[in-house]
Amino acid sequence: MSLVKEAAQLIENLLVTSANFQRAWNLLFESHDGGLIAQQTSFGWILSGVLSDQPLTDSNPHEFQCSVDQEFIDLIQRFWKQEDDSATVLRLSTVERECEEHFVRTHTREDNGRFVVRLPFKRSPSELGVSYPVAIQNFKRLELRFARNEKFKIEYERFINEYIELGHMRSVPLNLNIRNFYLPHHGVIRESSSTTRLRVVFNGSQLTSSGLSLNDCLYTGPKLQTELVDVLLRWRRHPIAIACDLEKMYRQIRVHEMDQPFQRIIWRNNCSQELQNFELTTVTYGLSCAPYLAIRCLRQLASEHSEAQPFGAVILQHDTYVDDILSGSDDVDDVQEIIFQLTQVLKAGGFTARKWISNVPASLSLLTPDLLAESCTLNIEDDKSPRALRLMWNNASLSLLFQQTL
């Protein structure tokens, strides 16, 4: 008989009855009355001891089978991970590290402080196929919708014209000989928005003739976004709460000219015109890397100003959810210093904080009226994602509200 089989038989026939022998093992837990002992041994966990006051005989043995509730264990682990400060340290996978290194190596700043980023390609753009015909078909379907809904067409034109006026897109000649990607686009009506009801969404996941999309070739990047629950819990601790949002956050970050051909769109104001080709010049929602690039620029800005404007830098680092900033302090003077520092930090990167709101209006007295919110209710949401459940904060009642859209 082999040694392995002999050992197996020994373990199978082993009966532990001596209390002294039990205690010689790795004792972990013992009940208050000393009746039960939980031990972790080389063979696994063992529960032994007296189960009742009845004398132990061979005629009344007890056997039990235990199982592990993995779902409960996972829940407990997630709880402790949420409470563990060390969990806030970003641990990057190999792919995420490559994306991070790409940003550090390639991002630059314009003379006015605005960030200029490169699209983080993980696959060669040469693997992309033809996208122009699909973009034409998509745009013609969009024009059919324009014909049925004049109001929708007017809002869409206003959105595109603003893009052009702000320099966020530029007209380019048709040239299919260079590597490019045409982004199909469509409009989404946002009833909750207090400024622009229509948002144009660009589709970076449209497949080309090679079977790959632009998003297939881009890094998504590490998840830098702070969890909303963490931001809200910190925010609600402050006796004086303040909030604002970053105006057109994505579009304050320019995409390098060499990568702009991968952000082409088709547009014309009416069907009598020739189709025109445009390139989007800023970070574009609809690209898988866009959230990472936007938040990474804010983190970089906070890092660079951690000494000159420490309060503003910390808030930008930890109290930001998408394009909303939620913070506060104990008294008006501290809040006004926070607002000043935060404004300086954002200005250095070309960002503007607007729609300021607070439960203590005096804390906003140094801001110009055009930067203040028109409503006493703040929408706390990622309005770039379609969600039926919307979280809002009312600064008069100091309450969080949920709006359900049916």
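Everything that follows concerns the structure shown earlier in this document.
Below you will find a few notes about this structure. (Residues numbered from 1 in each chain as written. Predicted model: local features only at pLDDT ≥ 70, side-chain atom pairs only at ≥ 80, totals over all residues. Heavy atoms only, no water.)

1. Thoughts on unusual backbone geometry
1) Next: With phi around 45°, Lys-248 is a residue other than glycine that occupies positive phi space.
2) Next: Within the fold, Lys-248 resides in the loop between strand E9 (240–246) and strand E10 (254–255).
3) Next: The residue Val-322 is not glycine, and still its phi comes out positive at about 55°.
4) Next: When you line up the elements, Val-322 lands in the loop between strand E13 (320–321) and strand E14 (324–329).
5) Next: You can call Val-322 buried: its relative accessible area is 8%. (Helix = DSSP H or I, 4+ residues; strand = E, 2+ residues; numbered from the N terminus. Buried < 20%, exposed > 50% of the residue type's maximum accessible area, 1.4 Å probe, protein only.)

2. So, the nonpolar core
The nonpolar side chains of soluble globular proteins are, as a tendency, buried together.
1) Next: Counting 72 residues, the largest nonpolar core has Tyr-156, Leu-316 and Trp-356 as its most contacted members.
2) Next: Broken down by element, the residue count for this core peaks at nine residues, all from helix H8 (residues 290–304).
3) Next: Residues within four places of Leu-316 in sequence aside, it is in contact with Leu-298, Leu-301, Ala-302, Ile-325, Leu-342, Val-345 and Leu-346.
4) Next: Leu-228, Val-231, Leu-326 and Ile-357 belong to the second largest nonpolar core, which has 10 residues in total. (Core = buried A, V, L, I, M, F, W, Y, C linked by side-chain atoms within 4.5 Å. Contact = heavy atoms within 4.5 Å.)

3. Some words on the environment of Ala-362
1) Next: Following the sequence through the fold, Ala-362 ends up in the loop between strand E15 (353–358) and strand E16 (377–380).
2) Next: Along the sequence, Ala-362 and Asp-333 sit 29 residues apart, while their C-alpha atoms lie 9.8 Å from each other.

4. Side note on the packing of aromatic side chains
1) Next: This structure, assessed with the given rule, holds 12 aromatic pairs.
2) Next: With centroids separated by 5.2 Å and ring planes inclined at 65°, the aromatic side chains of Phe-146 and Tyr-156 adopt a geometry described as edge-to-face. Here Tyr-156 lies in helix H6 (residues 150–165) and Phe-146 lies in helix H5 (residues 132–148), a separation of 10 residues in the sequence. Tyr-156 carries the same exposure label as Phe-146, and that label is buried.
3) Next: Between the aromatic rings of Phe-146 and Trp-267, the centroid separation amounts to 6.0 Å while the plane-to-plane angle is 80°, which identifies the pairing as edge-to-face. Here Trp-267 lies in strand E11 (residues 264–267) and Phe-146 lies in helix H5, a separation of 121 residues in the sequence. Trp-267 shares its class with Phe-146; the two are buried.
4) Next: Through pairs of rings, three or more aromatic residues link up here, namely Phe-139, Phe-146, Phe-152, Tyr-156 and Trp-267.
5) Next: Seen from the ring of Phe-159, Arg-251 lies directly overhead, with NZ or CZ sitting 5.7 Å from the centre.
6) Next: Its guanidinium or amino end placed over the ring of Tyr-163, Arg-251 lies 3.9 Å from that ring's centre, counting from NZ or CZ. (Phe/Tyr/Trp six-rings, centres within 6.5 Å; stacked < 30°, edge-to-face > 60°. Lys NZ or Arg CZ within 6 Å of the ring centre and 35° of its normal.)

5. Comments concerning the pattern of salt bridges
1) Next: One pass over the structure, following the stated rule, counts 16 salt bridges.
2) Next: Across the pair Asp-259 and Arg-118 runs a salt bridge whose closest N-O atoms are separated by 2.8 Å. With a gap of 141 residues between them, Asp-259 in the loop between E10 and E11 and Arg-118 in the loop between strand E5 (115–117) and H5 connect regions that are remote in the sequence.
3) Next: Taking the relative accessible area as the measure of exposure, Asp-259 reaches 3% and is therefore buried.
4) Next: Arg-118 gets classed as partly exposed once you look at its relative accessible area, which sits at 24%.
5) Next: Among the charged side chains, a salt-bridge network with shared partners connects Glu-162, Glu-247, Lys-248 and Arg-251. (Salt bridge = Lys/Arg side-chain N within 4 Å of Asp/Glu carboxyl O.)

6. Some words on the packing of helix H4 (residues 94–106) against H8
1) Next: For the pair H4 and H8, interaxial distance at closest approach is 12 Å and the crossing angle is 60°. Classed by the angle they form, the pair H4 and H8 counts as oblique. Considering only the axes of H4 and H8, their crossing is right-handed. Where H4 abuts H8, its residues Cys-99, Glu-100, Phe-103 and Val-104 lie against Tyr-292, Leu-293, Arg-296, Cys-297 and Gln-300.
2) Next: Residues belonging to the contact of H4 with H8 are distributed by class as follows: six nonpolar, one polar and two charged. (Axes fitted to C-alpha atoms, helices over the stretch in contact; angles between N-to-C directions. Parallel < 35°, antiparallel > 145°, perpendicular 65-115°, else oblique. Left-handed = near helix turned anticlockwise from the far one by under 90°. Nonpolar A, V, L, I, M, F, W, Y, C, P; charged D, E, K, R; others polar.)

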